[in-house]
Amino acid sequence: MCGIVGYIGHRQAYDILIKGLKRLEYRGYDSAGIALSDSDYRVYKCKGKVSDLEAQTKDQNINGKIGMGHTRWATHGEPNDSNAHPHKSMNGKFVIIHNGIIENYGKLKQGLEKEGYTFYSETDTEVLANLIEFYYINNRKNGNSFTPEDAVRAALNMVEGAYGLVILCEDNPGQMIAARKGSPLVIGIGKDEYFIASDATPIVEYTNSVIYLNDDDIAVIDDKGLSLKNLKNIPQKPAIHKIDLELSEIEKNGFEHYMLKEIYEQPRAIRDTYRGRLNFESKFLRLGGLHNVFKQLTEANRIIIIACGTSWHAGIVGEYLFEEFTRIPTEVEYASEFRYRNPVINKGDLVIAISQSGETADTLAAIQLAKKAGAIVIGVCNVVGSSIPRETSAGVFTHAGPEIGVASTKAFTAQVTVLTMMAMAIGQANKGLTNQEFTDLIDELYVIPDKIEKILEKSEKIKEIALKIADSTNSLYLGRGYLFPVALEGALKLKEISYIHAEGYPAAEMKHGPIALIDEKMPVIVLATKDHSYDKIVSNIQEVKARKGVIIAIVTEGDTTIKEMADYVIEVPHSDFALAPLLTVIPLQLLSYFIAVERGCNVDQPRNLAKSVTVE
Ligand code: F6R
């Protein structure tokens with residue numbers, strides 16, 4: 001949440017910052033701002049999008065080879081001009097941008113008010129800017145050589161909470177300071193130039209050498225280069241990584257929206273996720289990232305999956321897969337509940353944390369709790385270099401590529417692919433699966449991308465259905481077994497991008513309450529592919545029909561029974577029912593997309609949301 005970008009080097013910073021902010025806008029889009037520095041610094045900021053900021057700066061002095069920019073997802077204070085970042089300290093000595101939350105900002109603010117500080121915004125960030133300035137001014141009063149870096153360190157030692165920060169000081173116009181705790185920061189290293197950003201997307205155009213800051217790191221960059229120390233002032237050795245990210249991966253490439261592009265990328269994302277791990281010809285499956293812990297995995301007493309949002313839905317699919325293929329008892333928890341409810345975690349329990357961004361604050365905190373309790377914690381993440389893979393001892397990356405649309409699509413199917421392979425690998429090893437079942441699954445998984453391509457070819461038909469129900473105010477998604485989490489995911493996709501109220505339910509639960517909602521205005525999206533509960537779902541459809549609900553059924557190709565009952569059907573190819581989530585979710589993603597477009601919603605940047613939830 002919130003996007004940060006900074007530049008220090010030989011080029012004009014403005015264009016780099018604006019372009020970087022546009023790439024980071026998916027992290028928050030309530031307001032935007034920049035600070036530029038040459039001999040002095042100038043701050044421009046406003047409520048709204050980066051394009052509003054561009055308009056505001058059109059006739060301004062935008063010179064400066066040092067600068068920083070911010071795009072905000074509001075935590076403290078409504079989105080308006082004064083709450084927008086950058087924030088200046090009261091005497092103008094410091095200007096800062098911040099991603100995260102300063103939890104003890106109230107207490108710090110009271111202390112600063114006693115010292116005569118006044119505040120123009122409602123933000124925790126302005127408190128931090130003033131705290132840094134307070135230490136700076138007070139320690140220099142008696143001729144002390146206290147530096148801006150010393151002041152930043154003194155202030156950060158007082159702070160509770162999370163931050164990714166970039167700081168400029170008026171007295172050192174050729175210097176930029178960056179600090180991290182909890183919220184991600186990456187430093188790109190070019191030739192005599194440095195880039196700072198919340199993730200690699202604004203950097204990749206200029207360099208592929210990066211340093212991922214660790215918690216408690218403070219980096220100082222000036223004409224002497226980069227120095228890295230921690231909060232205790234102990235020098236740290238920067239580890240330089242190479243990022244493997246192409247510019248084309250973060251562009252729309254002709255699609256109207258990132259979300260649509262990402263829906264269409266799913267066959268490629270799944271192939272990339274199983275490539276090199278699953279060999280169709282030799283029927284071999286190996287997950288290199290689990291090699292060191294694989295024996296422990298096969299002997300685990302219990303599996304606990306922790307995640308949030310869409311990743312949590314993938315986790316429920318995982319629960320069904322693990323129990324079926326490995327017979328190891330599996331539970332799925334919202335990371336936010338797990339971390340605060342004193343859960344039972346035993347040594348030898350296997351905890352799987354699922355996260356697209358690898359930065360979700362609740363998931364990170366839940367991992368730390370599980371590690372402390374002695375569980376083996378493994379990560380399933382999409383973003384290489386993010387916090388969760390660095391916090392876990394083993395894991396499997398999803399190779400979905402950068403997901404820019406705020407609504408998660410290809411990350412979900414890539415996560416389900418990884419969980420399927422994990423369950424298959426453990427099931428093969430602990431004999432939860434027979435050899436025949438294992439090889440059949442390999443064959444089935446291998447052709448899933450081809451089957452998704454066939455579904456994508458039906459997008460015009462799905463669009464027609466979408467237009468028919470785009471005016472609805474409520475909707476219900478029903479599924480059983482493996483398709484229950486898909487119903488949850490379908491409902492989440494619809495509500496988050498189209499603002500239509502949607503609920504996902506296990507189909508049999510409908511008659512325990514939600515059936516009361518059904519009337520002729522209520523679209524009921526039923527996941528009804530052929531599996532062992534097919535007859536039951538047919539009965540559920542009849543129950544909806546009897547109450548005049550509008551039925552949109554996702555069925556297996558060639559189904560005739562449901563075709564006669566449903567108002568609309570969308571066919572998907574046949575598959576093993578354990579793999580059906582990978583197919584049935586596709587029409588639901590497209591349905592939500594076309595409905596949201598029809599309603600004029602901002603599909604890639606839905607209101608109030610942001611990608612990468614780095615606050616709890
Ligand atoms: C919904 C969506 C969110 C995320 C959730 C977890 O479309 O994207 O619900 O799934 O915020 O994010 P990650 O997977 O990054 O931990």
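A brief structural summary. Everything numeric here is computed off the predicted structure, so don't read it as measured data.

### Focus on the pairing of strand S12 (residues 217-222)
Line of reasoning, step 1. Burial runs high along S12: six of the six residues are buried.
Line of reasoning, step 2. Of the two faces of S12, both are covered, the one formed by Asp217, Ala219 and Ile221 as well as the one formed by Ile218, Val220 and Asp222.
Line of reasoning, step 3. Note: strand S8 (residues 176-181) against S12, five bridges, orientation antiparallel. Counterpart to Met176 in the pairing with S12 is Ile221.
Line of reasoning, step 4. Alignment of S12 against strand S13 (residues 225-230), held across six bridges, turns out to be antiparallel. Paired with Ala219 across the two strands is Leu228, which belongs to S13.
Line of reasoning, step 5. The hairpin formed by S12 and S13 contains two residues between the paired strands.

### What to know about the side chain of Asp349
Line of reasoning, step 1. Position of Asp349 among the secondary structure elements: in the loop between helix H10 (335-338) and strand S19 (350-355).
Line of reasoning, step 2. Among the polar contacts listed, one links the side chain of Asp349 to the side chain of Arg302, at a separation of 2.8 Å.
Line of reasoning, step 3. Looking at Asp349, its side chain comes within polar contact range of the main-chain nitrogen of Asn346, at 2.8 Å.
Line of reasoning, step 4. Excluding its chain neighbours within four sequence positions, the residues that come into contact with Asp349 are Asn301, Arg302, Ile304, Val344, Ala375 and Ile376.

### Quick look at the environment of Asp443
Line of reasoning, step 1. Inspection of the secondary structure assignment puts Asp443 in helix H14 (residues 435-456).
Line of reasoning, step 2. Apart from residues lying up to four places away in sequence, Asp443 is in contact with Phe280 and Lys283.

### Regarding the layout of surface pockets
Line of reasoning, step 1. The calculated volume of the largest pocket comes to roughly 910 Å³.
Line of reasoning, step 2. Together, 43 residues line the largest pocket, and Asp244, Leu245, Asn382, Val383 and Val384 are the ones closest to its centre.
Line of reasoning, step 3. Contributing elements (two or more residues each) for the lining of the largest pocket: strand S14 (240-242), helix H7 (266-274) and helix H12 (387-391).
Line of reasoning, step 4. Residues of the lining of the largest pocket, tallied by class, amount to 15 nonpolar, 13 polar and 15 charged.
Line of reasoning, step 5. Two domains each put at least three residues into the lining of the largest pocket: domain 1 (3-249) and domain 2 (253-446).

What counts, and at which threshold
Residues numbered from 1 in each chain as written. Predicted model: local features only at pLDDT ≥ 70, side-chain atom pairs only at ≥ 80, totals over all residues. Heavy atoms only, no water. Buried < 20%, exposed > 50% of the residue type's maximum accessible area, 1.4 Å probe, protein only. Helix = DSSP H or I, 4+ residues; strand = E, 2+ residues; numbered from the N terminus. Pairing = 2+ DSSP bridges. Polar contact = N/O pair within 3.5 Å; in protein donor to acceptor, adjacent residues only side chain to side chain. Contact = heavy atoms within 4.5 Å. 1 Å grid on protein atoms, 1.4 Å probe; cavity = no way out; pocket = protein on both sides within 12 Å on 5 of 7 lines; lining within 4 Å. Points joined across faces, edges and corners; volume = space filled by probe spheres on them. Nonpolar A, V, L, I, M, F, W, Y, C, P; charged D, E, K, R; others polar. Domains from an automatic or database assignment.

Geometry only, nothing functional implied.
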